[in-house]
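Coordinate analysis (summary)
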Amino acid sequence: MTLFNNIYKNRKVLVTGHTGFKGSWLCLLLHQLGADVYGYALEPPTTPSLFQEAHIDELMTSYIGDIRNLKHLQEVLLEVEPEIVIHMAAQPLVRDSYKIPVETYAINVMGTVTLLETCRHTPSVKAIVNVTTDKCYENKEWHWGYRENEPMGGYDPYSNSKGCSELVTSAYRNSYFNPKDYALHGVAVASARAGNVIGGGDWANDRLIPDFIRAISKGEELQIRSPYAIRPWQHVLEPLTGYLTLAAKLYTDGAHYAEGWNFGPDDADAQNVEWITKTICELWGENANYNIDNNPQPHEANYLKLDCSKAKAELDWYPKWNIQQALRSIVTWNKAWLAGENIRKETYAQIEQYLNV
């Protein structure tokens, strides 16, 4: 089987947010597929970071800049002339959005406006995927998954800003990249909504797995909050292959796929925080323990799942790794990092393992 119909071989792909956790994995995946990879983002958001630990800048062309800087972004895109753009630059944390709501909206909403406006004036661009989140939906704490036609919402500034980003994408698609006029403009725009993404190389604050790795490194117990909150956990490679499948379809078939898409795990992998914590402690082995933080916490959804029937039926995309396999890969990756092993090599090995399932 030829992966993604060989669309990415020698093709120029621009990734915004490429220095972040997901962006770094995506750049390595694209490089492995033979793409000519470019990135636009701020400096890596954490120290350490996968971008630096795997020396990803050696494999691509990296531009450092703020997604809200229209002039600079325009200069970069006109210089690069990408055909495919995957937009992941964002303020990605719910708890941080309570602290910096203005900046969260500026980055997640106006950053999307800036990106789409720039693409509108870059003739080389043929396919655009705006990556948002499962939290963009109006959350009613349902026990079934949200479908792509459910209303946008978002309780907290992060979730709401991503709902706004979806609305911006819809407005730009209708106004400038209308599928009905695809023969005239030749640009297809879609959005992608994924669940709680986990994997090696994530050192963000206030995320369960990075908090676990930090605690282990210090010989401390992990403090968990909201132990019964259920999330659609998935390994980072799951949604990334979804985005690339979608972008390939946008590139080859255009208007038919220019809409919103969910990429989430199967229902059995929507587990609560304590189950995830207990399982990864068991996989890690010695010195891995946790306790529950009973202090008051900012509001976060208790129950959230995605219905991915559309992606399965129309894109032939399916999750490959269940939650146990995802957690095993995280333990393997982090133990390799703590042992000082070659992290780029370990990441490539996991990509190969995933793609060959």
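As the structure is a computational prediction, the values presented were derived from the model and not from experiment.

In terms of regular secondary structure, the chain is built from 13 helices and 12 strands. Rg of the C-alpha trace for the chain: 19 Å, near the compact-globule value of 21 Å for 357 residues, within the 12% margin. Referenced to the eigenvectors of the C-alpha coordinate spread, the extents of the chain come out at roughly 60 × 45 × 40 Å. Relative to its full complement of 357 residues, the chain shows a buried share of 58%.

What follows deals with the sheet that holds strand β9 (residues 230–235). The strand order across the open sheet built from three strands is β7-β9-β11, with neighbouring strands paired in mixed fashion. Whereas interior strands pair on both sides, the edge strands pair on one side only; in this sheet they are β7 (196–198) and β11 (270–272). The mean inter-strand angle of the sheet, taken between neighbouring strand axes irrespective of direction, is 50°. In this sheet, β9 lies alongside β7 in parallel orientation, the contact comprising three bridges. Among the inter-strand pairings, Ile198 is bridged to a residue of β9, identified as His235.

What follows covers helix α5 (residues 101–120). In this model, α5 (20 residues) spans 28 Å end to end at C-alpha, consistent with the 28 Å of a helix rising 1.5 Å per residue. Within α5, the axis deviates most sharply at Met110, by approximately 30°.

Here the focus is the nonpolar core. Counting residues in each nonpolar core, the largest one holds 62 residues, and the members touching the most others are Tyr8, Trp25, Leu30, Leu244, Leu246, Leu250 and Phe263. Looking at which element gives the most residues to this core, the answer is helix α9 (residues 237–253), with eight residues. If sequence neighbours within four positions are ignored, Leu244 has contacts with Phe4, Tyr8, Leu26, Leu29, Leu30, Leu33 and Ile86. In terms of nonpolar packing, the next biggest core, distinct from the first, is built from 24 residues, Ala89, Ile107, Leu115 and Cys119 among them.

A few words now on the environment of Lys126. Residue placement: Lys126 occurs in the loop between α5 and β5 (127–131). Residues Lys126 and Val37 lie 89 residues apart in sequence; the distance between their C-alpha atoms is 16 Å. In this structure Lys126 touches Glu83, Gly186, Val187, Ala188 and Tyr251, once residues within four positions along its chain are discounted.

Positionally, Gln350 belongs in helix α13 (residues 343–355). One polar contact links Gln350 to Glu346, side chain to side chain, over a distance of 3.0 Å. Once residues within four sequence positions are removed from consideration, Gln350 is found in contact with Trp25, His235, Leu237, Trp321, Ser329, Thr332 and Trp333.

With that settled, the discussion passes to the side chain of Arg344. Of note, Arg344 is situated in helix α13. A polar contact is formed between the side chain of Arg344 and the side chain of Glu58, at a distance of 2.8 Å. Non-local contacts of Arg344, meaning those with residues more than four positions away in its chain, are made with Leu28, Ala54, His55, Glu58 and Leu59.

On to the packing of aromatic side chains. For the structure shown, the criterion picks out 12 aromatic pairs. Ring geometry for Trp142 against Tyr146: centres 5.2 Å apart, planes inclined by 20°, an arrangement best described as stacked. A relative accessible area of 1% means that Tyr146 is categorised as buried. For the ring pair Tyr172 and Tyr176, a centre distance of 5.0 Å and an interplane angle of 50° mean the geometry is tilted. Take Tyr172: its relative accessible area is 11%, and that puts it in the buried class. The class of Tyr176 is partly exposed, set by a relative accessible area of 37%. Linked through ring pairs, Tyr137, Trp142, Trp144 and Tyr146 together constitute an aromatic cluster. Positioned over the ring face of Trp261 is Lys310, at 4.2 Å from the centre of the ring. Here Lys320 stacks its cationic end above the ring of Tyr354, 5.1 Å away from the centre of that ring.

The rules behind each value
- All residue numbers refer to positions counted from 1 along the written sequence of the respective chain.
- In keeping with the predicted nature of the model, local features appear solely for residues at pLDDT of at least 70, side-chain atom pairs appear and are counted solely at 80 or more, and the whole-chain, interface and lining totals rest on all residues.
- To get the side-chain values, all heavy atoms of the structure are used, and hydrogens and water are removed first.
- Only runs of H or I of at least four residues qualify as helices and only runs of E of at least two qualify as strands under DSSP, and these elements are numbered from the N terminus.
- When we talk radius of gyration, it's over C-alpha atoms, and the globule rule is simply 2.2 Å times the number of residues to the 0.38.
- Between buried and exposed lies partly exposed: a residue is buried under 20% and exposed over 50% of the maximum accessible area for its type, with that area taken using a 1.4 Å probe on protein chains only.
- Any two strands with at least two DSSP-identified bridges between them are counted as paired.
- Axes, fitted as lines to C-alpha atoms, cover a helix only where it is in contact. Angles between the N-to-C directions of the axes lie from 0 to 180 degrees.
- Expected helix span is given by 1.5 Å per residue-to-residue step, counting one fewer step than there are residues.
- Values of bend correspond, residue by residue, to the angle between axes fitted over the seven residues ending at that residue and the seven starting there.
- Only buried Ala, Val, Leu, Ile, Met, Phe, Trp, Tyr and Cys residues count toward a nonpolar core, and they belong to the same one when joined by side-chain atoms within 4.5 Å.
- Here, two residues are considered to be in contact whenever any of their heavy atoms come within 4.5 Å of each other.
- Residues adjacent in sequence count toward polar contacts only when both atoms are side-chain atoms; beyond that, a polar contact is any pair of N or O atoms within 3.5 Å, and within protein one must be able to donate a hydrogen and the other to accept it.
- Here the aromatic set is Phe, Tyr and Trp, taking the six-membered ring for Trp, and pairing holds for ring centres within 6.5 Å; pairs whose planes are under 30 degrees apart are stacked, those over 60 apart are edge-to-face, and all others are tilted.
- Whether a charge sits over a ring depends on NZ of Lys or CZ of Arg being within 6 Å of the ring centre and within 35 degrees of the ring normal.

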